[in-house]
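The lines below spell out each chain.
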Amino acid sequence: MTSLRVLSVASEIYPIIKTGGLADVAGALPIALRAEGVEMRTLVPGYPDVLNALAKAEGVLEWQQFFGGTIRLLSGSCGELDLFVLDAPHLFARPGNPYLSPEGKDWPDNGLRFAALSRMAANIGLGAVQDFVPDVVHAHDWQAALTPAYLHYSGRPRPRTMITVHNLAFQGRFPQSMLAEIGLPPDSFNMYGVEYYGDIGFLKAGLRFADIITTVSPTYAVEIQSDEGSMGLGGLLRDRSGDLRGILNGIDTNVWNPATDPAIASRYDAGDLDSRAANKSALQRRFGLEQRPDTFLLGVISRLSWQKGLDLLLEAIPTVLADDMQLAVLGSGDADLQERYRAAAQANGGKIGAVIGYDEELAHQIQAGSDALIVPSRFEPCGLTQLCALRYGAVPIVSRMGGLEDTVTEADTAAIASGAATGFKFAPVTTDNLAAALRRAHAVFGDGPTWRTIQDNGMRTDVSWRDRARRYADLYREMIALAPA
Ligand code: ADP
Ligand code: GLC
C-alpha cells in the first residue's frame, strides 16, 4: 500500500474545539486513516483553544499581508493529531464559540475568516509547505468549501479535491462585494462559478469545484438531491450525482467505550448488562427523577434546534407522562426550546429532568444510564448520538431520516426474530408518530428478554471508523488514479 498524503481542512476538531459532530469526525478520521496508509494533517484556525492545545509548534510560514493582517502558519500536534494552524490573530484570536460573538450573533467577518482558512488550504495544496505537499485536499462544510474554488482558479497543477457535506443547512452566503477582498477573480461570479442567488456561495463553490463530493450517509446523499431535502442546491447536486457518495460516520470507540468509560458510575460490556442498573440509578439522581429501576427512562443529548425535532418531543410529553415514562434531556441552543424544556422539567419534577448546557461527561452518563435515546430529527445527515447509544446499550428511537435510517434497524417482528433489530423508527416526522414510537418501544421494554436482545444487537453493531475510513482511503486512491488535474 503506497502512502498517501491528505490535507484535511476543518473549522473545528475534537478534542480541542467542538460545536457538533463535524468536530468528532475531523478529530477521529485522521487517526482511523493511519491504518489505511493515509497520512492526514488537518488545517484548523488558530483560535485561542487551538493555540493553547498545540504541542511542538513550529512556524512554517509567515506573511505580512494575508486577508488584512499578519499571519503565521504553524505546524504541530495535539495528541495523535497532526495539525497545521492558521495563526491569524485579527481573524481568530476570539475565545468561545468559533462562529458566534459573545452576544450569540455570527461574527460579521465570518466570510473573511473562513475564506482565509480555505485560501491557506489551497496554498498548502499548491506546495507552500515543502515537506507536506498533499495528494488530496479534503474540505469539510462551508467553512472550508472555497478551497476547491481557489485551487481551480489558481490555474496551476493542483491536488485532487474532495468536499464533505456534514450539513447542507449551513451554506456560507456572503455579498458579491467581498469578491476582490477574498481574492476571487471577477469572472468567477457566475452560475458556473461561485455565484449563488446573487451572493457568493461558499458551499455552492465547493460543490461546484471539488472533484468528489461526499456526504455522511447514503440516505442523506439521496435526500439532498431531492427538491425537499436539497435546500436550494438540488440542481447542482443532481448535476454532480455521478461524483457524489454517501459514507457513514463512525465514532471513536475508545472515547465511547462502556467497558472503560471513566465518566460513568459502573462500567459494563455486552455480556454484563445488569451493571447498567447503577448507571440508570445515578442518572435518575442527577436529573432529580424518581428512583424507580423499572421505569422506562428516555434520554436526549442534542443541540436544541429545528433540525433536531425536539419541539415534537415537547409536544409528546403528555404521552411520556400518561405512559409513566421518564425523560432526561441534555441540550443547548435555541433560547425558546431551552426555556420550554426548563419549564417542562419544573412542572413535572421527578418525571422529566433537563440540563441546559453542553456537558461531555453527562452525555456519557446519559448513554450509559438511559434505556432508550431519542433522536427525532427533521433531517439528519448522519447523527452520532444514535451510534454512541448502540454502543452503550441505550436503544435508539429515531426518525427515518438520513443517517438515522441507515444506522438503526427497526425492531419489527421479523427483525427481532432474525436478531437484526436495534431500535425503533418513525416517519413522517410528526408528534403523533414520535409518540407512537415511544409507546411501541415501551411495550417491548416490558418484555425483558426481547429488550435485552435488542440491546445486545446494538452493542454488537460495528459503529467504529474502521470500515468507513477504508472507504475514504479507497476513494482518495481512486481520485489520484485519475488523470492529473
Ligand atoms: P450535530 O453535529 O448535528 O449536532 P451529531 O449527532 O452528529 O449532531 O453530533 C453531536 C455531537 O455533539 C455528539 O458527539 C454529541 O454527543 C454531542 N453533543 C450534542 N449536544 C451536546 C450537549 N448538550 N452536551 C454534550 N455533548 C453534546
Ligand atoms: C452535522 C450533522 C450530523 C452529522 C455531523 C457529522 O453536524 O448535523 O448529522 O453527524 O455533521 O458529520
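The following refers to the structure shown. A quick note: this is a predicted structure, and the numbers were derived from the prediction, not measured.

The subject of this paragraph is the sheet that holds strand β18 (residues 424-426). On the basis of which strands lie adjacent, the open sheet formed by six strands has the order β15-β14-β13-β16-β17-β18 and parallel pairing. The sheet is open, and its two borders are formed by β15 (352-356) and β18, each paired with just one other strand. On average, each strand axis in the sheet is inclined to that of its neighbour by 15°, with strand direction left out of account. Bridge count for strand β16 (residues 372-375) against strand β17 (residues 395-399) is four bridges, and the pairing is parallel. Residue pairing in the sheet places Leu-373 in a bridge with Pro-396 of β17. Across the sheet, helix α18 (residues 431-445) touches β13 (297-304), β16, β17 and β18, and the angle it forms with β18 is around 160°.

Taken as a whole, this structure holds 19 aromatic pairs when the rule is applied. With a centroid separation of 4.8 Å and an interplanar angle of 55°, the aromatic rings of Phe-66 and Phe-67 are classed as tilted. An angle of 80° between the planes, with centres 5.4 Å apart, marks the rings of Phe-114 and Trp-142 as edge-to-face. With a gap of 28 residues between them, Phe-114 in helix α4 (residues 110-125) and Trp-142 in helix α5 (residues 141-144) connect regions that are remote in the sequence. Among the aromatic residues, ring-to-ring pairing joins Tyr-47, Phe-92, Tyr-99, Phe-114, Trp-142, Phe-174 and Phe-202 into one connected group. The positively charged end of Arg-94 is found above the aromatic ring belonging to Trp-107, 4.6 Å away from the centroid.

Here we take up helix α1 (residues 21-34). The terminal C-alpha atoms of α1, which comprises 14 residues, lie 21 Å apart, in line with the 20 Å expected from a rise of 1.5 Å per residue. Along α1, the sharpest kink reaches roughly 25°, centred on Ala-28 and followed within four residues by the proline Pro-30. Taking burial as the measure, the 14 residues of α1 include eleven buried ones, the bulk of the element. If you check which residues of α1 are buried, you get Leu-22, Ala-23, Asp-24, Val-25, Ala-26, Gly-27, Ala-28, Leu-29, Pro-30, Ala-32 and Leu-33. Packed against the buried residues of α1 are β2 (38-45), β5 (81-87), β6 (136-140), α5 and α20 (466-481).

Turning to helix α7 (residues 202-209), a few remarks are in order. Across the eight residues that make up α7, a large majority, seven, are buried. Those residues of α7 not exposed but buried are Phe-202, Leu-203, Lys-204, Ala-205, Gly-206, Leu-207 and Phe-209.

So, on to the site of ligand 1. Ligand 1 sits among 18 residues. The nearest are Gly-21, Asp-24, Arg-303, Lys-308 and Leu-384. With respect to ligand 1, the side chain of Lys-308 contributes an N or O atom lying 2.8 Å from an oxygen atom. Between ligand 1 and Leu-384 there is a distance of 2.8 Å, counted from an oxygen atom to a backbone nitrogen or oxygen. Considered on its own, ligand 1 offers 560 Å² of accessible surface; in the complex 92% of this is hidden by protein. Secondary structure elements with two or more residues in the shell around ligand 1: α1, β13 and β14 (326-333). A per-element tally of the shell around ligand 1 places β13 first, with three residues. Here the shell around ligand 1 is built from residues that sort into four nonpolar, eight polar and six charged. Mapping the shell around ligand 1 onto the domain boundaries places at least three of its residues in each of domain 1 (4-250 + 466-480) and domain 2 (273-459).

What counts and what doesn't
- Residues numbered from 1 in each chain as written.
- Chains lettered and ligands numbered in written order.
- Predicted model: local features only at pLDDT ≥ 70, side-chain atom pairs only at ≥ 80, totals over all residues.
- Heavy atoms only, no water.
- Pairing = 2+ DSSP bridges.
- Helix = DSSP H or I, 4+ residues; strand = E, 2+ residues; numbered from the N terminus.
- Axes fitted to C-alpha atoms, helices over the stretch in contact; angles between N-to-C directions.
- Contact = heavy atoms within 4.5 Å.
- Phe/Tyr/Trp six-rings, centres within 6.5 Å; stacked < 30°, edge-to-face > 60°.
- Lys NZ or Arg CZ within 6 Å of the ring centre and 35° of its normal.
- Expected span 1.5 Å × (residues − 1).
- Bend = angle between axes of the 7 residues up to and from the residue.
- Buried < 20%, exposed > 50% of the residue type's maximum accessible area, 1.4 Å probe, protein only.
- Near = heavy atom within 4 Å.
- Polar contact = N/O pair within 3.5 Å; in protein donor to acceptor, adjacent residues only side chain to side chain.
- Areas by Shrake-Rupley, 256 points an atom, 1.4 Å probe, with all protein chains shown as cover.
- Nonpolar A, V, L, I, M, F, W, Y, C, P; charged D, E, K, R; others polar.
- Domains from an automatic or database assignment.

So, to be careful, I would describe these as geometric facts and stop short of saying anything about function.
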